[in-house]
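What follows is the residue order along each chain.
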Amino acid sequence: MAGRFAPSPSGDLHVGNLRTALLAWLFARSSGRRFVLRVEDLDRVAAGAEQSQLDDLRALGIDWDGPVLRQSECGGRHDLAIGQLVEQGRTFECFCTRREILEAPSAPHLPPGAYPGTCRDLTEAERAVRRAERPPALRLRADVTEWTVHDVLHGDFTGAVDDLVLRRGDGVVAYNLAVVVDDAAQDVDQVVRGDDLLTSAPRQAHLASLLGLPQPEYAHVPLALNADGRRLAKRDGAVTRIDLETLGVDVLAMILDSLHLPGPDATAALRAFDPSALPRSAWIVIPPTRGAPPAGR
Ligand code: GLU
């Protein structure tokens, strides 16, 4: 049994990401679970980002069990899972560009935004022609249109499942497949992450069921937003740990305050942690400027 934090090493974490990491740690530790880290480095990787992310977590008092898993080292496991789905006849090659998908008329029986099924029923001869044009992506041949997951904060949540991509045309394993396979391999049965991923959970849980893997329990926690109500981003100002510390801000205290948890350290917050008392709305962050105290509400 484990909880996890699974950052993409695409740049520095901001205080909203750090708050999610702390929450994942609090959920795991308060329920007697192990806590593991996974670096999701299949896609964009910025030099030095992994190291600075791990430094940030340590600085907040977040500890983890066992070595950090890098997703790029798990290719064999991803291939096996994809092979299992291919063998079950649950996949098809897709030659559509993003643009073709956007421009295709949407099918009335599918959820909005779902893959319209263009390449689902190509003949082998048609596929051979298309393969000469571009390398195909591999998609799941979904036989359900929705799936229900249980989320500690959102209750039972039913969301769309479509013919999601398992492996991209450039050969990279898709996030949805990798996350499911690696969570199971790391014994993760509790997924705590930002609520922007709530709508991905049904797809992922469905994939887990097809692969014979257990369904994790989810907790999708509120995101940090800027003053305009948009997702917090680095261009909003001093929002990374280093930038905030340079301005004299105690980052852990800022996060704990937003969660109505006591300090002075993560261990004290853990003793007081009660998931049912968590704030349910987004955290609005107004980054401090030199000389002015931080504002978060
Ligand atoms: N790597 C993803 C991200 O940083 C998170 C994936 C997950 O928690 O499932 O957005």
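Residues numbered from 1 in each chain as written. Predicted model: local features only at pLDDT ≥ 70, side-chain atom pairs only at ≥ 80, totals over all residues. Heavy atoms only, no water.

J.: Got a sec to walk through the overall build of the protein? Specific residues and values, please.
T.: Within the protein, the secondary structure is distributed over 10 helices and 13 strands. Projected onto the principal axes, the alpha-carbon positions of the protein cover approximately 65 × 40 × 35 Å. Looking at the 297 residues of the protein, the share that counts as buried comes to 47%. Across the protein, contacts joining residues at least 24 apart in sequence account for 76% of those joining residues at least 6 apart. In the protein, 33 positive and 41 negative side-chain charges are present, and the distance between their average locations comes to 2 Å. (Helix = DSSP H or I, 4+ residues; strand = E, 2+ residues; numbered from the N terminus. Buried < 20%, exposed > 50% of the residue type's maximum accessible area, 1.4 Å probe, protein only. Contact = heavy atoms within 4.5 Å. Lys, Arg positive; Asp, Glu negative; His and termini not counted. Charge placed at Lys NZ, Arg CZ, Asp CG, Glu CD.)

J.: Please set out the packing of helix 6 (residues 175-185) against helix 7 (residues 201-210) residue by residue, giving values where relevant.
T.: At a minimum axis separation of 9 Å, helix 6 and helix 7 run at an interaxial angle of 55 degrees. Taken together, helix 6 and helix 7 sit at an angle that is classed as oblique. When the axes of helix 6 and helix 7 are compared, the crossing they make is right-handed. Of the residues in helix 7, those in contact with Tyr175, Asn176, Leu177, Val179 and Val180 of helix 6 are Arg203, Gln204, Leu207 and Ala208. (Axes fitted to C-alpha atoms, helices over the stretch in contact; angles between N-to-C directions. Parallel < 35°, antiparallel > 145°, perpendicular 65-115°, else oblique. Left-handed = near helix turned anticlockwise from the far one by under 90°.)

J.: How would you sum up the site of the ligand? Please name residues and give values.
T.: With respect to spatial proximity, the complete set of residues near the ligand consists of Arg4, Ala6, Pro7, Ser8, Glu40, Tyr175, Val179, Arg193 and Leu197. Residue Glu40 places a side-chain N or O atom 2.6 Å away from a nitrogen atom belonging to the ligand. A distance of 2.9 Å is found between an oxygen atom of the ligand and a side-chain nitrogen or oxygen belonging to Tyr175. Within the complex, the protein chains bury 75% of what would otherwise be the 300 Å² of accessible surface of the ligand. Of the residues contributing to the shell around the ligand, the split by class is 5 nonpolar, 1 polar and 3 charged. (Near = heavy atom within 4 Å. Polar contact = N/O pair within 3.5 Å; in protein donor to acceptor, adjacent residues only side chain to side chain. Areas by Shrake-Rupley, 256 points an atom, 1.4 Å probe, with all protein chains shown as cover. Nonpolar A, V, L, I, M, F, W, Y, C, P; charged D, E, K, R; others polar.)

J.: Can you explain the pattern of salt bridges? Please cite residues and give values.
T.: This structure, assessed with the given rule, holds 28 salt bridges. When salt bridges with common partners are traced through the structure, they connect Arg4, Arg38, Glu40 and Asp183 into a single cluster. (Salt bridge = Lys/Arg side-chain N within 4 Å of Asp/Glu carboxyl O.)

J.: Provide a residue-level description of the pairing of strand 1 (residues 2-5), including the pertinent values.
T.: Burial of the side chains of strand 1 extends over both faces: Ala2 and Arg4 are buried on one face and Gly3 and Phe5 on the other. In this structure, strand 1 lies alongside strand 2 (residues 34-39), joined through 4 bridges in parallel fashion. In the sheet register, Phe5 faces strand 2, and the bridge partner there is Leu37. In this view, the connection linking strand 1 to its parallel neighbour strand 2 by way of helix 1 (residues 15-30) has right-handed handedness. One ladder, built from 2 bridges, connects strand 1 with strand 9 (residues 188-194); its direction is parallel. Its bridge partner lying in strand 9, Gly3 is registered against Gln190. (Pairing = 2+ DSSP bridges. Right-handed = clockwise from strand over helix to strand, strands pointing away.)

J.: Hey, could you go over the environment of Thr91 for me, with residue numbers and the actual values?
T.: Tracing the sequence through the fold places Thr91 in strand 4 (residues 91-94). Each C-alpha atom of the pair Thr91 and Asp43 lies 22 Å from the other, and the pair is 48 residues apart in sequence. Beyond its immediate chain neighbours, meaning those up to four positions away, Thr91 contacts Leu85, Val86, Leu138, Arg139, Leu140, Arg141 and Leu166.

J.: Give me the lowdown on the packing of aromatic side chains, citing residues and values where you can.
T.: Considering all chains together, one arrives at 2 aromatic pairs under this definition. Taking the centre distance of 5.9 Å and the plane angle of 35 degrees together, the rings of Phe92 and Tyr115 count as tilted. In this pair, Phe92 is assigned in strand 4 and Tyr115 in the loop between helix 4 (98-103) and helix 5 (124-133), connecting sequence segments 23 residues apart. Just as Phe92 is buried, Tyr115 falls in that class too. (Phe/Tyr/Trp six-rings, centres within 6.5 Å; stacked < 30°, edge-to-face > 60°.)

J.: Just give me the short version of the side chain of Gln204, but keep the residues and values in it.
T.: By the secondary structure assignment, Gln204 is in helix 7. Accessibility expressed as a relative area gives 3% for Gln204, which makes it buried. In this structure the side chain of Gln204 is engaged in a polar contact, spanning 3.2 Å, whose partner is the side chain of Tyr175. In contact with Gln204, not counting residues within four places along its chain, are Tyr175, Asn176, Val179, Val180, Arg193 and Tyr218.

J.: Could you give an account of the nonpolar core, with specific residues and numbers?
T.: Counting 44 residues, the largest nonpolar core has Val15, Leu22, Phe35, Leu57 and Ile255 as the members making the most contacts within it. For this core, the elements supplying multiple residues, two or more each, are helix 1, strand 2, helix 2 (49-60), strand 10 (217-221), helix 9 (251-258), helix 10 (266-272) and strand 12 (283-286). Considering every element that reaches this core, the biggest residue donor is helix 1, with 10 residues. The next biggest cluster of nonpolar side chains, apart from the first, holds 19 residues, and it includes Ala178, Val179, Val181 and Leu211. (Core = buried A, V, L, I, M, F, W, Y, C linked by side-chain atoms within 4.5 Å.)

J.: A description of the side chain of Gln190 should follow, citing residues and the corresponding values.
T.: Structurally, Gln190 can be placed in strand 9. Sequence-distant contacts of Gln190, that is, excluding residues within four places in its chain, are made with Ala2, Gly3, Arg4, Phe27, Ala28, Ser31, Arg33, Pro216 and Glu217.

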